[in-house]
Amino acid sequence: MQPDYDDCWLRYREVRDEALRASYRRLCSHAYVSEQSRELGAVREELRRGLGGLLGRDPHLWQHPPRTTDGFLAVGTPADMDVVAQCVDEERVADLAEGGYVITTGEWEGTDVLVVSASSDSGLVYGTFHLLRLLSNHEPIEDVHVVEEPASPDRLINHWDNPFRGSVERGYAGQSVFDFETLPDLRERYRDYARLLASVGINGIVLNNVNTQIPGRDSANEAMDVLEGWRLLETRYLEKLTGLASLLRRYGTTTYLSVNFGAPEKIGGLDTSDPNDPEVAQWWAEKADEIYDLIPDFGGFLVKADSEGQPGPYNYDADHVDGANVLAEALEPHGGRVWWRAFVYGSHKDRAVQQYDTFEPLDGEFRDNVTIQVKNGPIDFQPREPVSPVFGQMPETELGLELQITGEYTGQHVHACYHVPMWKEVLEFDTDPEGHGTKVKDLFTDEGTGMAGVGGPGEDRSWTGHYLAQANLYGYGRLAWDPDLETEAITDEWVRQTFGHDPDVVETVTDIMHDTWPAVIDYSTGGIGLMHMMYNGEAYLENHYDPGPEEWPGYTGATEDGIGKDRNSEGNGYAQQYPDALADLYDDPESCPKELLLFFHHLPWDYELSDGRTVVQTLYDNCHAGVEEARRLREEWRTLEGEIDEERYRHVAERFDEQVEHAGIWRDRLTDFFYDYSGIADEKGRVPRED
Ligand code: GCU
């Protein structure tokens, strides 16, 4: 039965071009796939599904090389399959980084063979998905030669599932896919999630939310835990996870858990979780032994400590090194890793300055199997932020780049906002313009480094709550695998696999995707470096969707005289945390990139920018331009009616209606706010507003 949810980019629609289909059929109708390992069941299953769709008929899967055909596909390691050994450079395959693969054509006893080869099961899984992507994108395969290996060893998704609540923090896609109570029973949807992840090269999943506890009250006002993700470390839940971990393993995906730093007390019954207490160290070591007995390839722990109500080493007069290292020591004998988040704030007036201040002095002190996971910017996944000064400045520490796949601050999947261009901006950023090979993307090539994408698909038909937001999950995986990929290439692949090959459709969807992010920046920030003007609300999860600029004087720095924050040498010195060349660039409002200007400088409302417009007029203009752009994107989308499937068309069209409306609310609130402080009317007569 067809599942009642979308297949995203794995649609595998039949190739209509006859010559191309004939070529695909010749080389792919017969597939000889290694049966050496259980993991390769995933390969056979995907080929059956993918080739069945693309070729318009079921492929024949062989257990030995077929002889009566004029071409076939062979998938396996050179060690397992003579056919493969004959067609590939064995040494080259052996030298590939974990997960790497080769796709090539060759010959076997006079027959043409298309080969997918790797030295590991996961490489064969990724290679198979790559082959199916080539076919889905209508690429020729008669003379193909692909050699791929991932740029970073760790490409994680941080799925912020709230176990036992059926929700995903910042998920925006309905309830949880995972049901921890009914495990070890497996749902078909787990497999499809694993397929989506593997198809873009994601190789690890942290199942639960970094917030593993939130105290609260129930309706009778009794104290209770709103979140109880910490419980997953209890033996009864660990036992339940084994089946899910094996399923994920078949797709090359390793299982990780977010853990609570207070677990020795909460679960172990100890009277402290002090990382320097030998009993605590012992507890973690035994817990790790227990986990690895159940899940031998377990990836490790993700920890949010001393941040937003989560316990951490500070509770015990210890520091982040003590905290991370005690966990790392426990995991070390098993090859596990601690991902320790740098998202810690509270002790400084401006959170931007805290991470570098806290972590940079600790460089070199973390154990080898600790990765410090740093958000791309110093604040919190804003539509645009400067790149965190931690990058490039902790050379003796393994670093992980944390990006947000989900659109918490970019319209929460009601608004269309394509994050790939934003991430490219981060990855291409040179952390030390006077250095070499110091771009952010070059920092993640060693063992223990890589990327972590925050965002949990949910039960929604679309998986992501907005069909266009699927591109963010897709693009995250592709960039984690290869940060050199250009945005345009990623978009093109995704659009074709998702919407087909009609040139007008491809062009229209592509244009829309590329223009979404700048529009969101304009109407929700004014485009020159303001951020975090979201309404907070009272609920445990702050709203972060509606405007609320007046709530955040600490972020906007708005006064009657001007707006922006002096994060420069005259102010709190944040700019000076960067290497000199960048510090100088940011320190002077004349050289500071315009899009970050008010992040670094408090400037008079009538301060003139290089194009002759004042700060306040620029803010007015950008807020209006953003809404106009959203409206234009909606019109563009409407031209697709009847050209793409009705479900996707209608869903996105309705979302655009809401986006345009909500963007207008943002524009009005922000421009009113700017006017209230500045008292300067918009030259174009739009502010003050009449209503
Ligand atoms: C943001 C987000 C929270 C999350 C936090 C984090 O502040 O709003 O939901 O817990 O980031 O990254 O830990």
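Residues numbered from 1 in each chain as written. Predicted model: local features only at pLDDT ≥ 70, side-chain atom pairs only at ≥ 80, totals over all residues. Heavy atoms only, no water.

1. Re the packing of aromatic side chains
Under the counting rule described, the total for this entry stands at 32 aromatic pairs. Note on Tyr126 and Trp481: the rings are 5.2 Å apart at their centroids and 70° apart in plane angle, and the pair reads as edge-to-face. Remark: Trp481 occurs in helix α13 (residues 470-481) and Tyr126 occurs in helix α5 (residues 121-136); sequence separation between them is 355 residues. For the pair formed by Tyr126 and Trp481, the shared burial category is buried. A ring pair is formed by Tyr586 and Phe600, whose centres lie 4.3 Å apart and whose planes are at 10°; its orientation type is stacked. Of this pair, Tyr586 sits in helix α17 (residues 580-587) while Phe600 sits in helix α18 (residues 597-600), and the two are 14 residues apart along the sequence. Here Tyr586 matches Phe600 in class, with each residue buried. One aromatic cluster is present, formed by Tyr5, Phe178, Phe180, Tyr190, Tyr193 and Trp463 through successive ring pairs. Sitting over the ring of Trp463, Arg189 keeps its end group 4.1 Å from the ring centre. Here the basic side chain of Lys266 rests over the ring of Trp230, its NZ or CZ set 4.8 Å away from the ring centre. (Phe/Tyr/Trp six-rings, centres within 6.5 Å; stacked < 30°, edge-to-face > 60°. Helix = DSSP H or I, 4+ residues; strand = E, 2+ residues; numbered from the N terminus. Buried < 20%, exposed > 50% of the residue type's maximum accessible area, 1.4 Å probe, protein only. Lys NZ or Arg CZ within 6 Å of the ring centre and 35° of its normal.)

2. What about the UniProt feature "domain: Glycosyl hydrolase family 67 C-terminal" (unreviewed entry) in the chain?
UniProt's entry tags residues 464-686 with the feature "domain: Glycosyl hydrolase family 67 C-terminal" (unreviewed entry), counted in the numbering of this structure. A distance of 36 Å separates the end C-alpha atoms of residues 464-686, which is 54% helix and 2% strand. (UniProt positions renumbered as here; feature names shortened; annotations may be inferred.)

3. As for the sheet that holds strand β4 (residues 101-108)
Within the open sheet, the six strands sit side by side as β2-β1-β3-β5-β4-β6. Their pairing is mixed. Either end of the sheet is taken by a strand with one partner, and the two such strands are β2 (60-62) and β6 (145-148). The sheet shows a mean angle of 25° between the axes of neighbouring strands, taken without regard to direction. Relative to β6, β4 runs antiparallel, the two sharing four bridges. The residue bridging Ile103 from the neighbouring strand is Val146, located in β6. Packed on one face of the sheet, α5 meets β3 (72-76), β4, β5 (111-117) and β6 and runs near 75° to β4. (Pairing = 2+ DSSP bridges. Axes fitted to C-alpha atoms, helices over the stretch in contact; angles between N-to-C directions. Contact = heavy atoms within 4.5 Å.)

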